[in-house]
Amino acid sequence: MANFNTHFMVASGASAIVSGTLLSMEVVAPEQAVNAFILGTLGGLLPDVDSAHSTSIKVGFNVLSLLMTIMLIFVKSSTYSLIEMFIVAGLVFVGIRYALLDIFRKISKHRGMFHSIPVAFIWGIVIAILMQYFFGLNSLVSWVYGFMVTTGYFVHLILDELYSVDLRNKRMKKSSGTAMKFGKLKTSKDKIQTAIIYASIPILMNIAPDTTLIVNALFSYDAWLTFKDVLLPYDGRWFLH
Amino acid sequence: MKILVKIALLGSISGVFLGCVPAPKPQIGIGLGGLISQQVKRVSNSLPVAENRVVDREYGAKPLHYMNAIRSYFTNKIPRGGLSKYKYGEPKRAYKKEGFAFGGDISWRGWLVETSIATPTRTGRLLTPKPYMVLFSGEQIVEHILGYSHKLITKVDP
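Residues numbered from 1 in each chain as written. Chains lettered and ligands numbered in written order. Predicted model: local features only at pLDDT ≥ 70, side-chain atom pairs only at ≥ 80, totals over all residues.

A closer look at the overall build of chain B
For step 1, the next point in the chain: The helix and strand tally for chain B stands at two helices and nine strands.
For step 2, the next point in the chain: Within chain B, buried positions represent 21% of all 158 residues.
For step 3, the next point in the chain: Look at the contacts in chain B between residues 6 or more apart in sequence, and 49% of them connect residues 24 or more apart. (Helix = DSSP H or I, 4+ residues; strand = E, 2+ residues; numbered from the N terminus. Buried ≥ 20, exposed ≤ 12 C-beta atoms within 10 Å, placed from the backbone. Contact = placed C-beta atoms within 7 Å.)

Observations concerning the interface of chain B and chain A
For step 1, the next point in the chain: Across the boundary between the two partners, chain B contributes 27 residues, which contact 31 residues of chain A.
For step 2, the next point in the chain: For the side of chain B that touches chain A, the secondary-structure elements that each account for two or more residues are helix 1 (2–20) and strand 8 (140–146) of chain B.
For step 3, the next point in the chain: With seven residues, the single largest contributor to the side of chain B that touches chain A is helix 1 of chain B.
For step 4, the next point in the chain: For the side of chain B that touches chain A, the residue count by class is 13 nonpolar, nine polar and five charged. (Nonpolar A, V, L, I, M, F, W, Y, C, P; charged D, E, K, R; others polar.)

Points about the pairing of strand 8 of chain B
All names here are of chain B.
For step 1, the next point in the chain: Where strand 7 (residues 130–137) meets strand 8, six bridges bridge the pair, whose relative direction is antiparallel. Looking across to strand 8, one finds that Val 134 is bridged to His 144.
For step 2, the next point in the chain: In this structure, the hairpin formed by strand 7 and strand 8 is closed by a connection of two residues, where Gly 138 is found at a positive phi of approximately 65 degrees. (Pairing = 2+ DSSP bridges.)

A few points about the nonpolar core
For step 1, the next point in the chain: Formed by 40 residues in total, the largest nonpolar core has its most connected members in A:Ala36, A:Val144, A:Tyr145 and A:Met148.
For step 2, the next point in the chain: When residues of this core are traced back to their parent elements, those giving at least two are helix 1 (4–24), helix 2 (30–43), helix 5 (117–135), helix 6 (139–162) and helix 8 (212–218) of chain A.
For step 3, the next point in the chain: Looking at this core element by element, the count peaks at 13 residues for helix 6 of chain A.
For step 4, the next point in the chain: Listed in part, the 16 residues of the second largest apolar core include B:Tyr66, B:Tyr132, B:Val134 and B:Ile141. (Core = buried A, V, L, I, M, F, W, Y, C linked by C-beta atoms within 7 Å.)

A word on helix 2 (residues 66–75) of chain B
Residue and element names in this part refer to chain B.
For step 1, the next point in the chain: Along helix 2, the residues classified as buried are Tyr 66, Ile 70 and Phe 74. For helix 2, the angular spread of the buried residues around the axis is 55 degrees, confining them to a single face.
For step 2, the next point in the chain: Considering only its buried residues, helix 2 is in contact with strand 4 (85–88), strand 6 (106–118) and strand 7. (Arc of directions from axis to C-beta.)

Considerations on the packing of helix 1 of chain A against helix 2 of chain A
Residue and element names in this part refer to chain A.
For step 1, the next point in the chain: Taken N-terminus to C-terminus, the directions of helix 1 and helix 2 make an angle of 150 degrees; their axes are 8 Å apart at the nearest point. In terms of orientation, helix 1 lies roughly antiparallel with respect to helix 2. Considering the relative orientation of helix 1 and helix 2, their crossing is right-handed. On the side of helix 1, the interface is formed by Ala 11, Ser 12, Ala 14, Ser 15, Ala 16, Val 18, Ser 19, Leu 22 and Leu 23, while helix 2 contributes Pro 30, Ala 33, Ala 36, Phe 37, Gly 40, Thr 41 and Gly 43. (Axes fitted to C-alpha atoms, helices over the stretch in contact; angles between N-to-C directions. Parallel < 35°, antiparallel > 145°, perpendicular 65-115°, else oblique. Left-handed = near helix turned anticlockwise from the far one by under 90°.)

Some thoughts on the environment of A:Leu64
For step 1, the next point in the chain: Structurally, A:Leu64 can be placed in helix 3 (residues 55–76).
For step 2, the next point in the chain: Along the backbone, A:Leu64 and A:Arg97 are 33 residues apart, and their C-alpha atoms lie at a distance of 8.0 Å.

As for unusual backbone geometry
For step 1, the next point in the chain: Unlike most non-glycine residues, A:Glu26 shows phi in positive territory, near 60 degrees.
For step 2, the next point in the chain: Tracing the backbone shows A:Glu26 in the loop between helix 1 and helix 2.

Laid out in structure tokens, this is it:
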């Protein structure tokens, strides 16, 4: 299993490549590419959020609690007094950072369903929904951000699987196959969890933003041609533009 | 006991956030009763032209010169906007809500023009046209949104 630093470095490297490519293909604007990079890196840390004492869970809950506190200040700044806002913001921060984290630690199990392919997609869809409904972003940018989180998530899962290969002893470690899986069907609890996760995908897709733009921008023949256009200097003059 | 305190804390936070959800707003009439047809006389260099200008009480005046406005607006907004090919739909009444993070209130009500823009790439190849919704307040462009649909935009006219 790769450690936090390895996950952070690899996820940020992969996110830089993907967001840079999207910027070059003119799918996103420069400021959106920066956000995409940050979200991709965070996506690369997300799967370890279910590990009770990992750095990821602390980083994840710090970011979440700060985000929710800032959002609350945005929403209530015009109606609350400074003292009211200070009290409520403190309550929200402490509640999420400590109370919610403690409950989450109790109910989650490391290398459970959090380390699975469908959950990677669910995170992407949830991010796309939040971006459109909460921040009013257009469908393309919302989906690009969701795509970046899913990409970062996949990078994490692949890295964990690669680390389960013991190259010196030429054998597979016990952890092999636990990081990148489609579901767990060992116990009845596993089966229910897997069924809920798969059932939630079409429900979430039903409320998610329109996918036409992201499909055209990333997964169409036109997108492929655009990628080829930006891959090499179009006039053959290297570094002389 | 400790867990009860935590649950109570979480409950109070949920309550605060539920309180942040804006109360349901009164139903917005589509304003058909408010449609007024106005005769606007304009003086041009050649001949005086009479135009039938639609003014809606809720949504304001329907933009007349939206094609030129959109073209000049996008010239500086998108890469190679001046070299792009434009197609325009008819203006339709619509309104937009703010994202829930900003309160979720109606932030704009006016006329929306669906526009498709085919932009050339840096190599000159014309891309598949991109759909845009251009939001007008009278003759003024307020904002543009990529795509023909958005969860926070409601088109009143089909």
